[in-house]
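Spelled out, the chains give:
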Amino acid sequence: MTRHFLRDDDLTPAEQREVLTLALAMRHDRFMHRPFEGPQAVAVIFDKHSTRTRVSFSAGIAELGGYPLVIDAASSQMGRGESISDTAKVLERMVSAVVWRTFGHDRIEEMAAHSSVPVVNALTDSFHPCQILADFAAIADERGGVGALSGLDFAYIGDGANNMAQSYLLGGATAGMHVRIGTPEGYLPDAEVIARATEIAAQTGGSITITHEHDEAVHAADVIATDTWVSMGDEGEKTAREQAFLAFQVNDTSLQLAAPGAQVIHCLPAYRGKEISASAIDGDQSIVWLEAEYRLHAQKALLTWLVEQ
Ligand code: CP
Ligand code: NVA
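The rules behind these values
Residues numbered from 1 in each chain as written. Chains lettered and ligands numbered in written order. Predicted model: local features only at pLDDT ≥ 70, side-chain atom pairs only at ≥ 80, totals over all residues. Heavy atoms only, no water. Buried < 20%, exposed > 50% of the residue type's maximum accessible area, 1.4 Å probe, protein only. Helix = DSSP H or I, 4+ residues; strand = E, 2+ residues; numbered from the N terminus. Arc of directions from axis to C-beta. Contact = heavy atoms within 4.5 Å. Near = heavy atom within 4 Å. Polar contact = N/O pair within 3.5 Å; in protein donor to acceptor, adjacent residues only side chain to side chain. Areas by Shrake-Rupley, 256 points an atom, 1.4 Å probe, with all protein chains shown as cover. Salt bridge = Lys/Arg side-chain N within 4 Å of Asp/Glu carboxyl O.

**Q** I'd love a proper account of helix 3 (residues 84-91), names of residues and values included.
**A** Along helix 3, the positions that sit buried rather than exposed are Ile84, Ser85, Thr87, Ala88 and Leu91. Projected down its long axis, helix 3 shows its buried positions confined to an angular sector of 160°, all on one face. On the buried face of helix 3, the contacting elements are strand 1 (41-46), strand 3 (98-101) and helix 4 (105-113).

Here it is, written out as structure tokens:
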């Protein structure tokens with residue numbers, strides 16, 4: 001059966017470990033797998049802006065022996081209203097996988113429901129699971145391997161309702177982490193996501209905590225993550241959000257409260273002086289550039305794994 005990767009819990013804990021282990025190996029041997037040799041095409045479709053996702057999938061698919069067919073959705077017939085299901089039925093006859101960045105998560109679910117080739121979520125309003133694979137691979141690489149992830153105290157500070165927070169909940173629970181979300185009132189993750197993450201954590205030995213206190217979230221954390229306060233689509237709320245999140249900046253105070261040597265991550269793009277101070281993102285404890293590099297290795301590992309199922 002075709003496997004898709006739409007949310008972080010589409011991989012079991014064992015499968016997530018397999019993909020992450022492959023990601024670390026592929027960093028050291030970039031051409032060890034060539035599943036798209038031919039070259040076979042992979043469609044990479046964008047409804048929203050992107051730098052890292054566009055470049056890492058394009059370079060990664062080429063390194064896997066394939067042809068990255070990058071499509072700006074607005075200039076395709078989808079932009080004029082062709083249905084998702086009709087698009088899926090055309091794409092599956094010509095490409096070996098479909099990678100899509102879009103708005104509502106229901107849109108990518110519909111694409112997957114009509115596709116006989118793997119569909120990969122390159123970010124929706126609800127989840128950004130490829131980013132979480134990259135983040136965890138980078139953390140693991142710095143800590144001596146994928147086995148180091150289970151049991152880590154992982155704090156995410158910022159918009160608890162956005163795609164990154166929700167993906168950290170599901171992905172972190174899958175990895176057996178203790179995930180703590182520090183977010184203001186009114187910015188809670190979906191109840192379904194919290195419930196699912198709690199259920200997974202009960203099986204993996206992890207845990208889920210949601211708090212409205214920055215200090216409680218970062219206390220003794222091994223990893224501190226944050227993300228923009230204004231996600232794509234939220235631009236109309238910029239002023240209100242910048243007020244609401246003022247006490248939720250990752251900065252020197254966060255690092256003083258965290259475990260010694262805690263790692264700082266940010267999916268990027270970052271807004272220094274808003275969600276993160278320059279001292280935190282540009283300081284010694286930041287691994288954001290390795291994290292960005294791992295988009296390439298983690299997605300290559302994921303695509304290799306998906307097409308081999
Ligand atoms: N982190 C991330 O997904 O970056 P882009 O929006 O540049 O792709
Ligand atoms: N939460 C951000 C992530 C960007 C990579 C957004 O959706 O805009």
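From this point, things continue past the structure.
**Q** Give a detailed account of the environment of Met78, specifying residues and quantitative values.
**A** Looking at the secondary structure, you find Met78 in the loop between strand 2 (67-72) and helix 3. Met78 gets classed as buried once you look at its relative accessible area, which sits at 16%. Considering only alpha carbons, one finds Met78 and Ala201, 123 residues apart in sequence, at a separation of 38 Å. The residues contacting Met78, other than those within four sequence positions of it, are Ala73, Ile84, Thr87, Trp100 and Met111.

**Q** Which residues make up the site of ligand 2, and what values go with them?
**A** Near ligand 2, the surroundings consist of Leu123, Asn162, Asn163, Asp227, Thr228, Ser231, Met232 and Leu268. At 2.6 Å, a side-chain N or O of Asp227 approaches a nitrogen atom of ligand 2. Take Met232: an N or O atom from its main chain is 2.8 Å from an oxygen atom of ligand 2. In isolation ligand 2 offers 270 Å² of accessible surface; the protein chains occlude 94% of this area.

**Q** Could you give me a rundown of the pattern of salt bridges, with the residues and numbers involved?
**A** In total, this model carries 19 salt bridges according to the counting rule given. In this structure, Glu15 engages Arg3 in a salt bridge whose closest nitrogen and oxygen atoms are separated by 2.7 Å. Highlighted residues: Glu15 in helix 1 (residues 13-28) and Arg3 in the segment before helix 1, separated in sequence by twelve residues. Judged by relative accessible area, which is 15%, Glu15 ranks as buried. For Arg3, a relative accessible area of 22% translates into the label partly exposed. Ionic pairing is found between Asp47 and Arg107, a salt bridge with its closest N-O pair at 3.1 Å. Within this pair, whereas Asp47 is found in the loop between strand 1 and helix 2 (52-63), its partner Arg107 is found in helix 4, the two being separated by 60 residues in sequence.

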